[in-house]
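Results of the structural survey
Residues per chain are reported as follows:
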Amino acid sequence: MDIDLFVQYGPMLLRGLLNTVLCWIVGAAGGIALGFVIAVAMYYGPRPLRYVLRGYIEVIRGTPFLIQLFILYYGGPNIGLRLDPVPAGILGLIIYGSPYYAEIFRAGLQAVPRGMIEAGRAMAMSEGKILRRITLPILMVSSVPPLTNFSIILTKETAILSIVTVPELLYQVQTMSAETFAYMEAMFALALFYWGFVEVISWAGRKLEHKTNAFLSKELSA
Amino acid sequence: MFSWSTIVENLPYLLQATRFTLLVSGLGMGLGLVMGMVLCVARLSPIRWISRIAALYVSFFRGVPLLVQLLLAYYFLPSIGIDIPPLWAAVCSIGLCAAAYIAEILRGALIAVPHGQAEAAAALGMHPFTIWKRILIPQALKISMPSLVNELIMLVKVSSLVSAVGIVELTRMSQSISAATFRPLEIYIAAAAIYLVINLALAGLGQALEKRLDY
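Scope of this entry: the structure provided in the associated data block.

Rules used in this analysis
Residues numbered from 1 in each chain as written. Chains lettered and ligands numbered in written order. Predicted model: local features only at pLDDT ≥ 70, side-chain atom pairs only at ≥ 80, totals over all residues. Heavy atoms only, no water. Helix = DSSP H or I, 4+ residues; strand = E, 2+ residues; numbered from the N terminus. Buried < 20%, exposed > 50% of the residue type's maximum accessible area, 1.4 Å probe, protein only. Contact = heavy atoms within 4.5 Å. Areas by Shrake-Rupley, 256 points an atom, 1.4 Å probe, with all protein chains shown as cover. Lys, Arg positive; Asp, Glu negative; His and termini not counted. Charge placed at Lys NZ, Arg CZ, Asp CG, Glu CD. Patch = residues over 30% accessible without salt bridge, like charges linked within 9 Å, V, L, I, M, F, W, Y side chains within 5 Å. Salt bridge = Lys/Arg side-chain N within 4 Å of Asp/Glu carboxyl O. Buried area = accessible area lost by both parts, 1.4 Å probe. Polar contact = N/O pair within 3.5 Å; in protein donor to acceptor, adjacent residues only side chain to side chain. Nonpolar A, V, L, I, M, F, W, Y, C, P; charged D, E, K, R; others polar.

1. Thoughts on the overall build of chain B
A tally of regular secondary structure across chain B gives eight helices and zero strands. C-alpha atoms of chain B, sized along the principal axes, occupy 70 × 45 × 25 Å. Burial statistics for chain B: of 215 residues in total, 47% are counted as buried. For chain B, restricting intrachain contacts to residue pairs at least 6 apart in sequence, the fraction spanning at least 24 positions comes to 78%. Accessible area for chain B stands at about 11200 Å²; split by element, carbon and sulfur atoms hold 70% of it. In chain B, 14 side chains carry a positive charge and 9 a negative one; their mean positions are 8 Å apart.

Set out below in structure tokens:
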């Protein structure tokens, strides 16, 4: 393999990597925020709203991410939504991830022991205070493992953004190989890179999980 | 304005291309199941290096984006002189990737079958082969059914990525039609609707199957 190639194209590849990480972090954070809002609205909201949100979840989860991106990026201008590739990619990731995150939070909300909420009421806590002091803290702790898990899955989805010309890592590598004809080497190196990247993030996720779990068991035993 | 006529006019083409979406995901699932079973057995093998290799396989195919795997196969196979039609290369890529996920699904299901049952069967003098056939596999199949249906739905969705290596399935067809008609919004929404119908049907079938397996 030609190492010089990677040196020569280093800055370009680095820019691609930064875009990948940017899209991933903003996309995951936005998806978590939107998913949380959806889950809370489904849990506490009126019935019609619940149906609408259920429909949203089913539609987004039942269609390919690539088609969603095409609707957003190529179909958007038809209804006056003109986005540059990077914002479109980030928005796409947020929309794509939100129903999965919403389901995680919904499951977490349902898993909050009813007795604790009833105990809060018996102590004359206001509903707002119960939410702030009981429901949310329990929810946050129990949701960390599945949230990390899905966020790791999302790192791989960022590669799809290259198809709608977001200059992320895969896109830059493809540009480089088109200019140098070194398709094979470049793609192979990229695969190894993603592999390492995902493994490192999974490892970090397990560490994080371990930390929250330790906190949880300490809290419960205290 | 949202043009319904564009959708109606092009629907036959979209449906025609949908057959390839079903073909790629269906064959991918078939290959994934066969390879997944082999991998699962290898992963549970008491021989250390066999289970190591299987674990490495699973980690690689789950860690690398499928799009990168597809492109890798697309460039790699011709470069070593294997000249198979792109459609088969794509089916193989999807199947190899699905195998990694399916192996983990099956492994989880096998572990979930209570250990005492296999021990009881062994105590009754059942042959190990009979234990697998009569006790472990039927129960593991039932436990893993919801996840396997999920995996199939996932495959229908990721089959859209094979459009990137030039296979004319639903996504690629909608790209061509929207380029020709300048109506991307309508065409892509129609494509999304077709994917949604397929996946809802699969989910419904899966639920019916689960009910039948319930005893």
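2. Description of a nonpolar patch on the surface
Residue and element names in this part refer to chain B. Judged by side-chain polarity, Phe-20, Leu-23, Leu-27, Phe-76, Ile-80, Ile-82, Ile-84 and Trp-88 come together as a nonpolar surface patch covering roughly 660 Å² of accessible area. The leading source of residues in the nonpolar patch is helix 1 (residues 4-43), at three residues. Topologically, Phe-20 is positioned in helix 1. Taking relative accessible area as the criterion, Phe-20 reaches 32% and is therefore assigned partly exposed.

3. Overview of the pattern of salt bridges
Residues and elements named next belong to chain A. The full count for this structure, using the stated rule, is nine salt bridges over all chains. The salt bridge partner of Arg-54 is Glu-103, with a shortest N-O separation of 3.2 Å. Of the two residues, Arg-54 sits in helix 3 (residues 47-62) while Glu-103 sits in helix 5 (residues 85-110), which places them 49 residues apart along the sequence. With relative accessibility at 15%, the residue Glu-103 sits in the buried group. Salt bridges linked by common partners bring Arg-54, Glu-58, Arg-61, Glu-103 and Arg-106 together as one network.

4. Details of the interface of chain A and chain B
Taken together, the contacts link 32 residues of chain A with 35 residues of chain B. Interface of chain A and chain B: buried area, both sides summed, is about 2900 Å²; carbon and sulfur atoms make up 78% of it. In this assembly, chain A and chain B are joined by zero salt bridges. Taken together, chain A and chain B are joined by seven residue pairs in polar contact (both at pLDDT 80 or more). Elements supplying a minimum of two residues to the side of chain A that touches chain B: helix 3, helix 4 (65-75), helix 8 (169-180) and helix 9 (183-221) of chain A. At 10 residues, helix 9 of chain A tops the list of elements feeding residues into the side of chain A that touches chain B. Looking at the side of chain A that touches chain B residue by residue, the classes come out as 22 nonpolar, six polar and four charged.

These figures capture arrangement, not role.
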